[in-house]
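What follows is the residue order along each chain.
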Amino acid sequence: MGIQEDIFERFFKKLEDDEDFPDSIVEELKRLLENGEIASQEKILEMVETGSENDSKNQND
């Protein structure tokens, strides 16, 4: 396993272990990684922020 794969594996594990972090965002981040769409910290942050906003809106509906 390469360094990048190890980093992402640990990153996803921490997100999955966080009960307050939506599983849907973790799954979407994994999908983006598998498709080569995550290229930077900014992209990850953008996805997390967008997903968190969407999750909050869904819970309020």
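That block above? That's the structure.
First, a word on scope: everything that follows refers to the structure included in this document. (Residues numbered from 1 in each chain as written. Predicted model: local features only at pLDDT ≥ 70, side-chain atom pairs only at ≥ 80, totals over all residues. Heavy atoms only, no water.)

**A few points about the nonpolar core**
Nonpolar side chains in soluble globular proteins tend to end up buried together.
Turning to step 1, where the next piece is worked out: Residues F8, F12, L15, F21, I25, V26, L29, L32, I38, I44, M47 and V48 constitute the largest nonpolar core, which totals 12 residues.
Turning to step 2, where the next piece is worked out: Contributing elements (two or more residues each) for this core: α1 (3-17), α2 (23-34) and α3 (41-60).
Turning to step 3, where the next piece is worked out: Considering every element that reaches this core, the biggest residue donor is α2, with 4 residues. (Core = buried A, V, L, I, M, F, W, Y, C linked by side-chain atoms within 4.5 Å. Buried < 20%, exposed > 50% of the residue type's maximum accessible area, 1.4 Å probe, protein only. Helix = DSSP H or I, 4+ residues; strand = E, 2+ residues; numbered from the N terminus.)

**Observations regarding the packing of α1 against α2**
Turning to step 1, where the next piece is worked out: Two numbers describe how α1 lies on α2: the axes approach to 10 Å, and their chain directions differ by 165°. Considering their axes alone, α1 and α2 lie roughly antiparallel with respect to each other. Where α1 crosses over α2, the two elements pack in a sense that is left-handed. Where α1 approaches α2, its residues F8, F11, F12, L15 and E16 are matched on the opposing element by V26, L29, K30 and L33.
Turning to step 2, where the next piece is worked out: In terms of residue class, the contact of α1 with α2 is built from 7 nonpolar, no polar and 2 charged. (Axes fitted to C-alpha atoms, helices over the stretch in contact; angles between N-to-C directions. Parallel < 35°, antiparallel > 145°, perpendicular 65-115°, else oblique. Left-handed = near helix turned anticlockwise from the far one by under 90°. Contact = heavy atoms within 4.5 Å. Nonpolar A, V, L, I, M, F, W, Y, C, P; charged D, E, K, R; others polar.)

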